[in-house]
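Each chain, letter by letter, is given below.
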Amino acid sequence: MEPRNFLRVEGLAVLGIALAGYFTLDGSVWLLLILALAPDLSMIGYLAGTRIGSLCYNIVHTYTLPLALGSLGFWADIRMALLIALIWAGHIGADRFVGYGLKFESGFKDTHLSTQPAPVDAFTKSD
């Protein structure tokens, strides 16, 4: 099994756990629907070029920030922070599950889950 398949299964698990947690905390469907695609607003960074765009997208599409927000919400007993963190993590999990990965600077479609061709120069250059 290829590593990207493990990451897709992991994404499905994160999505399932995030949704279960969200509804266990009695999160409303309307908030989920409104915020489900909010992390994709980070794609606006691509208007400034692929370097800035990939940086913006990748910062928002890693689990670090929703985990930090969720931890803060748990520690400070802020239910809304927990709900937003669960939606955010669920979004990332759904992205991984369907094959959307973190972006390389070379272009929006070049991701850590897509097949990257080996650089030909590395095999043809002689020292």
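Keep in mind it's a predicted model, so treat the numbers as computed, not measured.

Participant: Explanation requested: the UniProt feature "transmembrane region" (unreviewed entry) in the protein in the structure shown.
Facilitator: The positions that UniProt labels "transmembrane region" (unreviewed entry) are, in the present scheme, residues 12-37 and 72-94. Helix makes up 77% of residues 12-37 and strand 0%, whereas the separation of the span's terminal C-alpha atoms amounts to 17 Å. A distance of 23 Å separates the end C-alpha atoms of residues 72-94, which is 87% helix and 0% strand.

Participant: Where do I start with the nonpolar core in this structure?
Facilitator: The nonpolar side chains of a soluble globular protein tend to be buried with one another. Core analysis: the biggest nonpolar cluster contains five residues, these being Tyr22, Leu31, Leu32, Leu83 and Ile87. Mapped onto this core, the elements with two or more residues apiece are α2 (29-35) and α5 (79-98). For isoleucine 87, the contacting residues outside a window of four places in its chain are Tyr22, Leu31, Leu32, Leu35 and Ala36.

Participant: Would you explain the packing of aromatic side chains in this entry?
Facilitator: For any two aromatic rings, the description comes down to two numbers: the centre-to-centre distance and the angle of the planes. A complete count under the given rule lists one aromatic pair for this structure. Each ring, one from tyrosine 22 and one from phenylalanine 23, has its centre 5.3 Å from the other, and the planes form 85°; the classification is edge-to-face. Classification of phenylalanine 23 by relative accessible area gives partly exposed; the value is 39%. The aromatic ring of tyrosine 57 is capped on one face by lysine 103, whose charged end is 4.7 Å from the ring centroid.

Participant: Would you mind going over the pairing of strand β2 (residues 107-111) with me for this structure?
Facilitator: Each regular strand carries side chains that alternate between the two faces of the sheet. Taken together, the two bridges between strand β1 (residues 103-104) and β2 define a ladder with antiparallel strand orientation. When the bridges of β2 are listed, lysine 103 appears paired with threonine 111. The antiparallel hairpin formed by β1 and β2 contains two residues in its connecting segment.

Participant: Any chance you could explain the environment of alanine 94 here in plain terms?
Facilitator: By the element assignment, alanine 94 lies in helix α5. Spatially, the C-alpha atom of alanine 94 lies 9.2 Å from that of alanine 13, the residues being 81 residues apart in sequence. If we ignore the near neighbours within four places in the chain, the residues touching alanine 94 are Gly11 and Leu15.

Conventions adopted
- Residues numbered from 1 in each chain as written.
- Predicted model: local features only at pLDDT ≥ 70, side-chain atom pairs only at ≥ 80, totals over all residues.
- Heavy atoms only, no water.
- UniProt positions renumbered as here; feature names shortened; annotations may be inferred.
- Helix = DSSP H or I, 4+ residues; strand = E, 2+ residues; numbered from the N terminus.
- Core = buried A, V, L, I, M, F, W, Y, C linked by side-chain atoms within 4.5 Å.
- Buried < 20%, exposed > 50% of the residue type's maximum accessible area, 1.4 Å probe, protein only.
- Contact = heavy atoms within 4.5 Å.
- Phe/Tyr/Trp six-rings, centres within 6.5 Å; stacked < 30°, edge-to-face > 60°.
- Lys NZ or Arg CZ within 6 Å of the ring centre and 35° of its normal.
- Pairing = 2+ DSSP bridges.

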